[in-house]
Amino acid sequence: MTSIPAMSLAVVGAPYLNADGSNRQFEILLCQAGEPVTLIPEPKNKHDRRAVAVYSARDVQIGYVNAERAGWIGALLAEREVQAVFQRKAEFGAWIRVAFDGERPTLSPAMVAEPEADVEAPYVEPDFYPDEIWPDD
């Protein structure tokens, strides 16, 4: 069996409420970097039979592994030991870090840091006003 390196996965679907009414976005705000998360395949999911739900350490669903990776991760869950931890929140939901075959997922400070928001700087009046350029006659 070949070794699979640890990787970060996007967790999507955060804007939706869970069936029990719990708020995924609120739960993501409660999550701390390095907390364990649980990955649970949902073969009976009516939207995608390959869906893999992600649950926080408090057993509240925070979303799903993104569709591009869900089928692959679901297959790995059936074949290998997979461990996952919360990495950080994101605009679209969250990031998690997964490791395989008994490895523990580790986080570097760069993986946990949230990127700075693209906030437009406020307009500041310049201190220098050049002389007006007049047309030549």
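About the criteria used
Residues numbered from 1 in each chain as written. Predicted model: local features only at pLDDT ≥ 70, side-chain atom pairs only at ≥ 80, totals over all residues. Heavy atoms only, no water. Helix = DSSP H or I, 4+ residues; strand = E, 2+ residues; numbered from the N terminus. Buried < 20%, exposed > 50% of the residue type's maximum accessible area, 1.4 Å probe, protein only. Areas by Shrake-Rupley, 256 points an atom, 1.4 Å probe, with all protein chains shown as cover. Contact = heavy atoms within 4.5 Å. Phe/Tyr/Trp six-rings, centres within 6.5 Å; stacked < 30°, edge-to-face > 60°. Salt bridge = Lys/Arg side-chain N within 4 Å of Asp/Glu carboxyl O. pLDDT = per-residue confidence, 0-100. Core = buried A, V, L, I, M, F, W, Y, C linked by side-chain atoms within 4.5 Å.

**Points about the overall build of the chain**
So, step 1. If you tally the helices and strands in the chain, you get three helices and six strands.
So, step 2. Reading the helices (α) and strands (β) of the chain from amino to carboxyl end gives β-α-β-β-β-α-β-β-α.
So, step 3. Per-residue burial for the chain yields a buried fraction of 36% across its 137 residues.
So, step 4. Accessible area of the chain: about 9600 Å², with a carbon and sulfur share of 54%.

**Here's the deal with the environment of L107**
So, step 1. Tracing the chain through its elements places L107 in the loop between β6 (93-100) and α3 (109-112).
So, step 2. Spatially, the C-alpha atom of L107 lies 8.9 Å from that of V85, the residues being 22 residues apart in sequence.
So, step 3. Those residues in contact with L107 that sit more than four places away from it in its chain are A33, G34, V85, F86, Q87, R97 and V112.

**Describing the environment of Y16**
So, step 1. Positionally, Y16 belongs in the loop between β1 (7-12) and α1 (24-30).
So, step 2. A sequence separation of 46 residues divides Y16 from I62, and the C-alpha atoms of the two residues are 9.2 Å apart.

**What about the packing of aromatic side chains?**
So, step 1. Using the criterion set out here, one finds two aromatic pairs in the structure.
So, step 2. Centroid distance F92 to W95: 5.4 Å. Interplanar angle 80°. Geometry classified as edge-to-face.
So, step 3. You can call F92 partly exposed: its relative accessible area is 34%.
So, step 4. Among the residues examined, W95 registers a relative accessible area of 25% and is labelled partly exposed.

**As for the pattern of salt bridges**
So, step 1. Scanning the model with the defined rule gives four salt bridges in all.
So, step 2. Residues R58 and E35 are paired through a salt bridge, measuring 3.3 Å at the closest nitrogen-oxygen approach. Taken as a pair, R58 in the loop between β3 (52-55) and β4 (61-65) and E35 in the loop between α1 and β2 (36-41) lie far apart in primary sequence, 23 residues in all.
So, step 3. Each of the salt bridges in this network shares a partner with another, and the network as a whole consists of E27, E35 and R58.

**Some points on the confidence of the model for the chain**
So, step 1. On average, residues of the chain carry a pLDDT of 87, and 83% of them reach 70 or more.
So, step 2. In the model, residues 121-130 has pLDDT below 50 throughout and makes zero contacts with residues more than four positions away in sequence or in other chains.

**Observations regarding the nonpolar core**
So, step 1. In terms of nonpolar packing, the biggest core is built from 22 residues, with L39, V54, I96 and V98 touching the most fellow members.
So, step 2. Within the residue set of this core, elements represented by two or more residues are β1, β2, β3, β4, α2 (67-79), β5 (82-90) and β6.
So, step 3. Of the residues forming this core, the biggest block, four residues, is contributed by β6.
So, step 4. Leave out the neighbours within four places in its chain, and V54 touches V11, V37, T38, L39, V60, Q61, I62, G63, Y64, V65 and I96.

**Brief notes about unusual backbone geometry**
So, step 1. Positioned with a positive phi, D59 is a non-glycine residue whose angle comes to about 65°.
So, step 2. Mapping D59 onto the fold places it in the loop between β3 and β4.
So, step 3. When its relative accessible area of 59% is taken as the criterion, D59 is described as exposed.
So, step 4. You will see that D101, though not glycine, has its phi angle at about 60°, which is positive.
So, step 5. By secondary structure assignment, the location of D101 is in the loop between β6 and α3.
So, step 6. Since its relative accessible area comes to 36%, D101 is described here as partly exposed.

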